[in-house]
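Observations on the three-dimensional arrangement
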Amino acid sequence: MTPVRIAPSLLAADFTRLGEEVRAVAAAGADWLHLDIMDGHFVPNISFGPGLVKALRPLTDIPFDVHLMIAPADPYLAAFAQAGAQWISLHPEAGPHLHRSLQTIRALGCKAGVVLNPATPVESVAHVLDLTDLLLVMTVNPGFGGQSFLSSQLDKIATLRRMIAESGRDIALQVDGGVTAATAPACRRAGADVLVAGTAVFGATDYAAAIAALREEA
Ligand code: DX5
Ligand code: ZN
């Protein structure tokens, strides 16, 4: 099994000190920075856009993992690539042509991800695995941090782990929503190798200890 990677979600950071927060979490051992982009339309909340991603990019070397919760997403893919995202993930429900969106993300030089909402079946990615570098299983309904982990999604993680193994492809399997030191072990047992954590990291007083705890528990 690949080593677990921890991706703190900036959504739970102190928005009055975002630059400091990015530097602090990178120094504390974060593997990636997860950036939640919300439009108040695809999800019932608004966060931030490519301008902020671009402003934060010079502050650290860790990969930027952009989770798009916007519809349509296609018109903004280039802006996030140019802002410095290494990973760009979107939801199949965000547009009519997931295959084309994934092609576009790769053509922009980024890794392409597909995000499955709690009600979205695994079949929605079965025919695009050749264009997918990351699969993200939502373990909450997207839109807000600090929600409770949906253990109903563990079977989906396990099924996707099998699908990835059968495909023989190098595809990361990420979990997002309610991930804590208590829920991380079940995610890991189901086959996840990237854990997104907002509240569990930025809500802690000691970021390094919080990241280490997630890593150790997983
Ligand atoms: C929810 C976002 C998550 C969120 C996770 O829509 O996609 O990335 O920030 O926050 P926690 O870890 O607090 O559930
Ligand atoms: Zn997210």
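Residues numbered from 1 in each chain as written. Chains lettered and ligands numbered in written order. Predicted model: local features only at pLDDT ≥ 70, side-chain atom pairs only at ≥ 80, totals over all residues. Heavy atoms only, no water.

**Remarks on the overall build of the protein chain**
Put simply, the test is: Helix numbering and strand numbering both begin at the N terminus, where a helix is a DSSP run of H or I of at least 4 residues and a strand a DSSP run of E of at least 2.
Helix and strand counts for the protein chain come out as eight helices and eight strands. Seen through its principal axes, the protein chain has C-alpha atoms that stretch 45 × 35 × 30 Å.

**Digging into the pattern of salt bridges**
Note that side chains of opposite charge can pair when their charged atoms are close. The cut-off we apply is this: Throughout this description, the term salt bridge denotes a Lys or Arg side-chain nitrogen within 4 Å of a carboxyl oxygen of Asp or Glu. For every residue, the accessible area obtained with a 1.4 Å probe (protein chains only) is divided by the maximum for its type, and the residue is called buried under 20%, exposed over 50%, and partly exposed between those limits.
All told, the structure shown has six salt bridges when counted by the stated rule. One salt bridge in this structure joins Arg-215 and Asp-31, with 2.9 Å as the shortest N-O distance. Note that Arg-215 is positioned in helix α8 (residues 207-217) and Asp-31 in the loop between α1 (18-27) and β2 (33-38), a separation of 184 residues in sequence. You can call Arg-215 partly exposed: its relative accessible area is 30%. On the basis of relative accessible area, Asp-31 is assigned to the partly exposed category, the value being 24%.

**Here's the deal with the coordination of the zinc ion (ligand 2)**
Condition: The donor definition counts N, O and S atoms within 2.8 Å of each metal and applies 3.2 Å to Na, K and Ca; water is not among these atoms, so some sites may look incomplete. Square planar and octahedral assignments, for four and six donors respectively, both demand that opposite donors be over 155 degrees apart and that all other angles lie between 65 and 115; tetrahedral needs four donors with all angles between 85 and 135 degrees, and anything else is irregular.
Ligation of the zinc ion (ligand 2) by protein atoms is provided by His-34 (NE2), Asp-36 (OD), His-67 (ND1) and Asp-176 (OD), these donors lying 2.0 to 2.3 Å from the ion. Relative to the metal, the six donor atoms surrounding the zinc ion (ligand 2) lie at angles of 70 to 166°, and the coordination shape comes out octahedral. Positions of the donor residues of the zinc ion (ligand 2), expressed as sequence spacing, correspond to H-x1-D-x30-H-x108-D. Within this pair, whereas Asp-36 is found in strand β2, its partner His-67 is found in strand β3 (residues 64-69), the two being separated by 31 residues in sequence.

**Here's the deal with the pairing of strand β7 (residues 172-176)**
This is how the line gets drawn: In this scheme, strands are said to pair when DSSP sees at least two bridges between them. For a crossover, the right-handed case is the one in which the path from the first strand over the helix to the second runs clockwise, viewed with the strands pointing away from the viewer.
With five of five residues buried, β7 lies mostly within the body of the structure. Side-chain alternation along β7 places Ala-172, Gln-174 and Asp-176 on one buried face and Leu-173 and Val-175 on a second face that is also buried. In the sheet, strand β6 (residues 134-138) pairs with β7 via five bridges, with the strands oriented parallel. Paired with Leu-134 across the bridge in β7 is Ala-172. Handedness of the β-α-β unit built from β6, helix α5 (residues 154-167) and β7 comes out right-handed. In this structure, β7 lies alongside strand β8 (residues 194-197), joined through three bridges in parallel fashion.

**Brief notes about the site of ligand 1**
For the record, the criterion: Here, proximity means that at least one heavy atom of the residue falls within 4 Å of the molecule or strand. By the criterion applied in these results, polar contacts are pairs of N or O atoms within 3.5 Å in which, for protein atoms, one can donate a hydrogen and the other can accept it, and in which residues neighboring in sequence qualify only through two side-chain atoms. Surface accessibility follows the Shrake-Rupley procedure with a 1.4 Å probe radius. Residue values consider only the protein chains on display as shielding. Side-chain classes follow a simple rule in which Ala, Val, Leu, Ile, Met, Phe, Trp, Tyr, Cys and Pro form the nonpolar group, Asp, Glu, Lys and Arg form the charged group, and the remainder, Gly included, forms the polar group.
The environment of ligand 1 is formed by 20 residues, the closest being Asp-36, Gly-143, Asp-176, Gly-198 and Thr-199. Asp-36 is positioned with one of its side-chain polar atoms (N or O) 2.8 Å from an oxygen atom of ligand 1. For ligand 1, whose free accessible area comes to 380 Å², the fraction covered by protein is 99%. Mapped by element, the contributors of at least two residues to the shell around ligand 1 are β2, β3 and β8. No other element matches β2, which puts three residues into the shell around ligand 1. Tallied by class, residues from the shell around ligand 1 come to eight nonpolar, ten polar and two charged.

**Here's the deal with the packing of aromatic side chains**
For any pair of aromatic rings, geometry is given as the distance between the ring centres together with the angle between the planes. Inclusion rule: Pairing of aromatic side chains here covers Phe, Tyr and the six-membered ring of Trp, requires ring centres within 6.5 Å, and sorts the geometry by plane angle: under 30 degrees stacked, over 60 edge-to-face, intermediate tilted.
Taken as a whole and assessed by the stated rule, the structure comprises three aromatic pairs. Both rings, one in Phe-202 and one in Tyr-207, keep their centres 5.3 Å apart while their planes meet at 75°; by these two values the pair is edge-to-face. Tyr-207 carries the same exposure label as Phe-202, and that label is buried.

**Description of the pairing of β2**
Burial analysis of β2 places six of its six residues in the buried class, the great majority of the element. Across six bridges, β2 lies against β3 in parallel orientation. Residue pairing in the sheet places Met-38 in a bridge with Met-69 of β3. Crossover connection from β2 via helix α2 (residues 50-56) to parallel β3: handedness right-handed.

**A few points about unusual backbone geometry**
Between Ala-71 and the following residue, Pro-72, the backbone shows a cis peptide bond with an omega angle of -5°. When you line up the elements, Pro-72 lands in the loop between β3 and α3 (77-82).

**Quick notes on the side chain of Lys-156**
Filter applied, for reference: Charge convention: Lys and Arg are scored as positive, Asp and Glu as negative, and His as well as the terminal groups of each chain are ignored.
Here Lys-156 is to be found in helix α5. For the buried Lys-156, which has no salt bridge, the nearest side chain bearing the opposite charge is Glu-93, at an N-O separation of 8.1 Å. One polar contact links Lys-156 to Gln-153, side chain to side chain, over a distance of 2.9 Å.

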